Amino acid sequence: YDKWYYAVIRDILAYVPFKDDYEHLACLLEPSISPAEAKRSIKLLEKLKLIQVNESGYYTRTDKVLRTKTETMNSALMNYVHKMMDKAKTASTRISRDDRSMSCVGFVVSEKTYKVIKSEVDEFRARILKIAEEDQDPERVYHMNVQIFPVSKKIQGEDW
């Protein structure tokens, strides 16, 4: 999770036949990276056993979906989340509306209802991953950020 593009390159290998054209691979990312960064990414992903060379000599993912439990949110993973939130900010102006979906909503709820909503978000994310895993004809890598966080302090009955 050190670089935002490691996971993207891993996922590109699901639909792009890749052997050693690092310049082409680098240009597939949005925004593009250097061929040297693409090459380092492939070497690292292979070392981590997240990709492998198949019988035809092409790199492929070792698993369809890369899952990390939200409970194991270490600093490297949190840095990755922050980088992807920054990518979402720039995507709001760089990527056409047809190729992105962004929205936000504010609401007022109790702690109990918040926990229900948080559970719904976790289930939604799992359903999205299942749908992606079952796609037989992928064409592009997407990233989805789902944030839910307080924007006010919690008050108790007598605090007001």
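So, here is what we can say about the structure in this document.

Calculation rules
- Residues numbered from 1 in each chain as written.
- Predicted model: local features only at pLDDT ≥ 70, side-chain atom pairs only at ≥ 80, totals over all residues.
- Heavy atoms only, no water.
- Helix = DSSP H or I, 4+ residues; strand = E, 2+ residues; numbered from the N terminus.
- Contact = heavy atoms within 4.5 Å.
- Polar contact = N/O pair within 3.5 Å; in protein donor to acceptor, adjacent residues only side chain to side chain.
- Axes fitted to C-alpha atoms, helices over the stretch in contact; angles between N-to-C directions.
- Parallel < 35°, antiparallel > 145°, perpendicular 65-115°, else oblique.
- Nonpolar A, V, L, I, M, F, W, Y, C, P; charged D, E, K, R; others polar.

**Structural notes on the overall build of the protein**
No. 1: Along the backbone of the protein there are five helices and two strands.
No. 2: What you see in the protein, going N to C, is helices and strands ordered as α-α-α-β-β-α-α.
No. 3: Based on the C-alpha atoms only, the size of the protein along its principal axes is roughly 70 × 30 × 30 Å.
No. 4: For the protein, the share of sequence-separated contacts (at least 6 apart) that also reach a separation of at least 24 residues comes to 62%.

**With respect to the side chain of R10**
No. 1: Counting through the fold element by element, R10 comes out in helix α1 (residues 4-12).
No. 2: Polar contacts involving the side chain of R10 include one to the side chain of D11, which spans 2.6 Å.
No. 3: A polar contact is formed between the side chain of R10 and the backbone oxygen of D63, at a distance of 2.5 Å.
No. 4: With sequence-adjacent residues up to four places away left out, R10 is seen in contact with L45, L50, I51, R61, D63, K64, V65 and L66.

**Section: the packing of α1 against helix α3 (residues 35-47)**
No. 1: Put simply, α1 and α3 touch, their axes get as near as 10 Å, and they point 75° apart. Taken together, the axis directions place α1 and α3 in an arrangement best described as roughly perpendicular. Counting all contacts with α1, which are made through Y5, Y6, I9 and R10, the residues of α3 involved are E37, A38, S41, I42, L44 and L45.
No. 2: Class assignment of the residues belonging to the contact of α1 with α3 gives a composition of seven nonpolar, one polar and two charged.

**Observations concerning the environment of S41**
No. 1: With respect to the element layout, S41 can be found in helix α3.
No. 2: Note: C-alpha distance between S41 and A7 (34 residues apart in sequence) is 9.0 Å.
No. 3: For S41, the residues in contact, after removing those within four places along its chain, are Y5, Y6 and I9.
No. 4: A distance of 2.7 Å separates a polar side-chain atom of S41 from the backbone oxygen of E37.

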